[in-house]
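Now for the letters of each chain:
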Amino acid sequence: MRYLKGSSTLKLVDDYCVVDIETSNADQVRGDIIELSSLKVRANEVVDTFSVLLKPRYPIDIHTMRIHNITNKMVQDAPTFPEIIHSFKDFIGDDILIGHNVHFDINYIYDNCVRQNVEPLKNDFIDTLRLSRRTYKGVQNYKLTTLATHFGYSATTHRGLDDCYSTHLVYQELKNRLSPKEIEALA
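Residues numbered from 1 in each chain as written. Predicted model: local features only at pLDDT ≥ 70, side-chain atom pairs only at ≥ 80, totals over all residues. Heavy atoms only, no water.

Enquirer: Help me get a handle on the packing of aromatic side chains, residues and values and all.
Expert: Inspection of the entire model under this criterion finds five aromatic pairs. An angle of 40° between the planes, with centres 5.6 Å apart, marks the rings of Phe50 and Phe91 as tilted. Taken together, the residues span a long stretch of sequence, with Phe50 in strand β3 (residues 45-53) and Phe91 in helix α3 (residues 81-92) at a distance of 41 residues. This pair shows no difference in class: Phe50 is buried, exactly as Phe91 is. An aromatic cluster of three or more residues is present, and its members are Phe50, Phe88 and Phe91. The aromatic ring of Phe91 is capped on one face by Lys40, whose charged end is 4.7 Å from the ring centroid. (Phe/Tyr/Trp six-rings, centres within 6.5 Å; stacked < 30°, edge-to-face > 60°. Helix = DSSP H or I, 4+ residues; strand = E, 2+ residues; numbered from the N terminus. Buried < 20%, exposed > 50% of the residue type's maximum accessible area, 1.4 Å probe, protein only. Lys NZ or Arg CZ within 6 Å of the ring centre and 35° of its normal.)

The structure is reproduced here in structure tokens:
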């Protein structure tokens, strides 16, 4: 159980940090974060970015290399999670975090913090996957690439910062398309 984990919310906010990670594989026990990215947003505008490749404990599997185009060679001299987590936490501060299927990202970061004896993330968060399912109809599925393309943005590259930008744009589109009645119902 992740006792200190923040809460999921559907509040609509103008100041937040978008987060996205890429992992060495899908296994949260043997998998590691290999890319940690975030956008700092103030008054709905991106004002700063954070993105770093991380050296995993175990080699990146071939399937993951094909998806993210992050190779073992690219991360061989990268910092490790314990070396960068404090900088990341300073960057996001107490902001609400936004991500697409953000539970995966937050749980992975949380568990890595616990493994490294670092205070875990406590930030509340908004999941654009959950928000889009509740507020928007008319798409074939709710994958980030599908939603971004549907709203007229180029599809993501499955890299951290690109996915953050796509998530930010999808969040803004969802906010802009909600009626006052729908916004009130979410609150």
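There's more to say after this.
Enquirer: Go over the pairing of strand β1 (residues 16-23), please, and point to the residues and values.
Expert: Most of β1 sits out of view: eight of its eight residues are buried. Burial along β1 is two-sided: Tyr16, Val18, Asp20 and Glu22 facing one way and Cys17, Val19, Ile21 and Thr23 facing the other are all buried. Pairing analysis gives eight bridges linking β1 to strand β2 (residues 33-42), with the strands arranged antiparallel. Residue pairing in the sheet places Glu22 in a bridge with Glu35 of β2. In the sheet, β1 pairs with strand β4 (residues 97-99) via two bridges, with the strands oriented parallel. (Pairing = 2+ DSSP bridges.)

Enquirer: So what's going on with the pattern of salt bridges? Residues and values would help.
Expert: Using the criterion set out here, one finds eight salt bridges in the structure. The salt bridge partner of Asp32 is Arg57, with a shortest N-O separation of 2.9 Å. Of this pair, Asp32 sits in the loop between β1 and β2 while Arg57 sits in the loop between β3 and α1 (62-68), placing them 25 residues apart in sequence. In this structure, Asp95 and Arg42 form a salt bridge, with 2.9 Å as the shortest nitrogen-oxygen distance. (Salt bridge = Lys/Arg side-chain N within 4 Å of Asp/Glu carboxyl O.)

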